[in-house]
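# An overview of the molecular structure
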Amino acid sequence: MTLMSDLANGNGSFPPVRISLTSLGSGESSTLDRFISYTFSSSIIVPVSSFQFDFRLPEDETMTINDVAQDGDMATLYANNGPFCTGIIDNYGINVDAKNGETGAITGRYMLS
């Protein structure tokens, strides 16, 4: 079933989406699955395509954004349990707003899988 047919049938559930982050230094990986939004941008004029992932931080209050991501780490987005794209993290940080509170943001460059 496709997402649109699931929604049309009244199921109303989205396929599972998660991002796997792999440290190029240690090879360790972690998973984020608490998305707020994700955006992809590409142009035939600019040879590099970009992504941004906004997510809720892990509930473990002892973890910081530095425990989640570092510049240069690999990020693979999985949708419906299959790889969708892989990229390199350029920047990461914390955003704070009234609606979502404290959230994380990861930006980088990607290649479609």
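Bear in mind the structure is a predicted one, so any value in this text is a computation, not a measurement. (Residues numbered from 1 in each chain as written. Predicted model: local features only at pLDDT ≥ 70, side-chain atom pairs only at ≥ 80, totals over all residues. Heavy atoms only, no water.)

## Some words on the overall build of the protein
Inclusion rule: Segments assigned H or I by DSSP are reported as helices when at least four residues long, segments assigned E as strands when at least two residues long, and all are numbered from the N terminus. Contact definition: two residues touch when any of their heavy atoms are within 4.5 Å. Note on areas: these come from Shrake-Rupley sampling with a 1.4 Å probe, and a residue is covered only by the protein chains present in the view.
Scanning the protein from terminus to terminus reveals two helices and seven strands. Listing each helix as α and each strand as β along the protein from the N terminus yields α-β-β-β-β-α-β-β-β. Contacts in the protein between residues far apart in sequence, at least 24 positions, make up 47% of those at least 6 positions apart. Element-wise, carbon and sulfur atoms account for 52% of the exposed surface of the protein, whose accessible area totals about 7300 Å².

## Details of the packing of aromatic side chains
Note the threshold: Stacked, tilted and edge-to-face pairs are distinguished by plane angle, under 30 degrees for stacked and over 60 for edge-to-face with tilted covering the rest, among Phe, Tyr and Trp rings (Trp via its six-membered ring) whose centres lie within 6.5 Å. Type-normalised accessible area, obtained with a 1.4 Å probe on protein chains alone, sets the label of each residue: buried when under 20%, exposed when over 50%, and partly exposed for intermediate values. Lysine and arginine charges are scored as sitting over a ring when NZ or CZ, respectively, is within 6 Å of the ring centre and within 35 degrees of the ring normal.
In this structure the tally under the stated criterion is six aromatic pairs. Geometrically, the ring pair formed by Tyr 38 and Phe 40 is edge-to-face, given 6.1 Å between the ring centres and 75° between the ring planes. For Tyr 38, a relative accessible area of 37% translates into the label partly exposed. Put simply, the rings of Tyr 38, Phe 40, Phe 51, Phe 53, Phe 84 and Tyr 110 touch in pairs and so form one group of aromatic residues. Across the ring face of Tyr 78, the terminal group of Arg 18 is positioned such that the distance to the ring centre comes to 4.1 Å.

## Overview of the nonpolar core
What counts here: In plain words, nonpolar cores are sets of buried Ala, Val, Leu, Ile, Met, Phe, Trp, Tyr and Cys residues tied together by side-chain atoms within 4.5 Å.
In terms of nonpolar packing, the biggest core is built from 15 residues, with Leu 21, Leu 32 and Ile 106 touching the most fellow members. Contributing elements (two or more residues each) for this core: strand E1 (17-22), strand E4 (49-56), strand E5 (74-79), strand E6 (82-97) and strand E7 (101-112).

## Quick look at the pattern of salt bridges
Where charged atoms from two side chains of opposite charge approach closely, those side chains can pair. For the record, the criterion: Salt bridges are defined as contacts in which a side-chain nitrogen from Lys or Arg sits within 4 Å of a carboxyl oxygen from Asp or Glu.
The final tally for this structure, using the stated rule, is one salt bridge. We note a salt bridge from Arg 109 to Asp 90, for which the minimum N-O separation is 2.9 Å. Of the two residues, Arg 109 is situated in strand E7 and Asp 90 in strand E6; the sequence distance between them amounts to 19 residues.

## Let's talk about the environment of Asn 91
One can find Asn 91 in strand E6. Taking the C-alpha atoms as reference, Asn 91 lies 5.8 Å from Asp 71; in sequence the two are 20 residues apart.

## Focus on unusual backbone geometry
The phi torsion at Asn 80 lies on the positive side, around 55°, for a residue other than glycine. Looking at the secondary structure, you find Asn 80 in the loop between E5 and E6. Backbone geometry places Asn 81, a non-glycine residue, at a positive phi of 65°. With respect to the helices, strands and loops of the structure, Asn 81 is situated in the loop between E5 and E6. The exposure class of Asn 81 is exposed, given its relative accessible area of 59%.

## Some words on the environment of Ser 41
Positionally, Ser 41 belongs in strand E3 (residues 35-41). Separated by ten residues in the primary sequence, Ser 41 and Phe 51 have C-alpha atoms spaced 6.3 Å apart.

Limitation: the analysis is restricted to geometry and does not speak to function.
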